[in-house]
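Geometric and topological summary
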Amino acid sequence: IKRMKGISISRPIVYGNSATPLQGKKAGDSDHTHRWTISVRGVNNEDISYFVRKVAFKLHDTYENPNRVIEKPPFEVSETGWGEFDIIIKIHFNPVSGEKPLTLYHHLKLHPYEEDGLSNPWPKQKPVTSYSYDEIVFNEPIDNFYNILQEN
Ligand code: SLL
């Protein structure tokens, strides 16, 4: 294997969640209050599967099978629930890369920051979102992986 000496190459990602309140019958069936989706995506929804092999989302232990492994895009998990918690996101890269998985943390957000009901109520059905932008930097990548990154 050959590494690209002195070279760094980066790829942007967006990760985080959106959430909407459950309404009507669905809300009555359980103690769940929201539907939410956590995702790892490319910017402008660019396909990231050429460098991301799979993404593991570790949910709160109150969920069944809390370790959700997503093997193909979209790299996301949708669920319903009642509470906010930290999600551990583990991004596994294309095996060609020889890179170790990258761990990120996201605090699942269900509630808007400002519930200032008097002057500025959050519209009932407007999704609450919390997304972070990040750049994954590959230092001295293996040449084959570097080529894959360049070609996409
Ligand atoms: C809290 N520390 O107390 C947090 C934990 C856990 C949320 C929140 C479970 C859903 C299910 C669910 O919503 N857990 O029943 O599968 O707020």
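What counts, and at which threshold
- Residues numbered from 1 in each chain as written.
- Predicted model: local features only at pLDDT ≥ 70, side-chain atom pairs only at ≥ 80, totals over all residues.
- Heavy atoms only, no water.
- Helix = DSSP H or I, 4+ residues; strand = E, 2+ residues; numbered from the N terminus.
- Buried < 20%, exposed > 50% of the residue type's maximum accessible area, 1.4 Å probe, protein only.
- Contact = heavy atoms within 4.5 Å.
- Phe/Tyr/Trp six-rings, centres within 6.5 Å; stacked < 30°, edge-to-face > 60°.
- Lys NZ or Arg CZ within 6 Å of the ring centre and 35° of its normal.
- Pairing = 2+ DSSP bridges.
- Axes fitted to C-alpha atoms, helices over the stretch in contact; angles between N-to-C directions.
- Salt bridge = Lys/Arg side-chain N within 4 Å of Asp/Glu carboxyl O.

**Observations concerning the overall build of the chain**
Helix and strand content of the chain: two helices and eight strands. Moving toward the C terminus, one meets the helices and strands of the chain in the order β-α-β-β-β-β-β-β-β-α. In terms of its C-alpha atoms, the chain occupies a principal-axis envelope of roughly 60 × 35 × 20 Å. Out of the 152 residues in the chain, the part that is buried amounts to 37%. Here the contacts in the chain between residues at least 6 apart in sequence split such that 67% fall between residues at least 24 apart.

**What to know about the packing of aromatic side chains**
If you walk through the whole model with that rule in mind, you get seven aromatic pairs. Seen from their ring centres, F138 and F145 are 5.0 Å apart, and the 90° between their planes marks the pair as edge-to-face. Among the residues examined, F138 registers a relative accessible area of 1% and is labelled buried. With a relative accessible area of 0%, F145 lands in the buried category. Through pairs of rings, three or more aromatic residues link up here, namely Y50, F51, F93, F138 and F145. Here the basic side chain of K126 rests over the ring of W122, its NZ or CZ set 4.5 Å away from the ring centre.

**Observations regarding the sheet that holds strand β1 (residues 8–21)**
Backbone hydrogen bonds hold the strands of a sheet together, and the pairing may be parallel or antiparallel. Spatially, the four strands line up as an open sheet ordered β5-β2-β1-β8, and their pairing is antiparallel. Of all strands in the sheet, those bounded by a partner on one side alone are β5 (75–81) and β8 (128–139). Shown here is a sheet whose adjacent strand axes are inclined to one another by a mean of 15°, direction ignored. This element, helix α2 (residues 143–151), spans β1 and β8 of the sheet and lies at about 60° to β1.

**Considerations on the side chain of S130**
With respect to the helices and strands, the residue S130 is situated in strand β8. Here S130 falls in the buried class, since its relative accessible area comes to 17%.

**Digging into the pattern of salt bridges**
Tallying each qualifying case throughout the model produces four salt bridges. Of the charged contacts in the structure, one is a salt bridge between R41 and E76, with a shortest N-O distance of 2.5 Å. Here R41 is found in strand β2 (residues 34–41), whereas its partner E76 is found in strand β5, with 35 residues between them in sequence. Classification of E76 as partly exposed rests on a relative accessible area of 25%.

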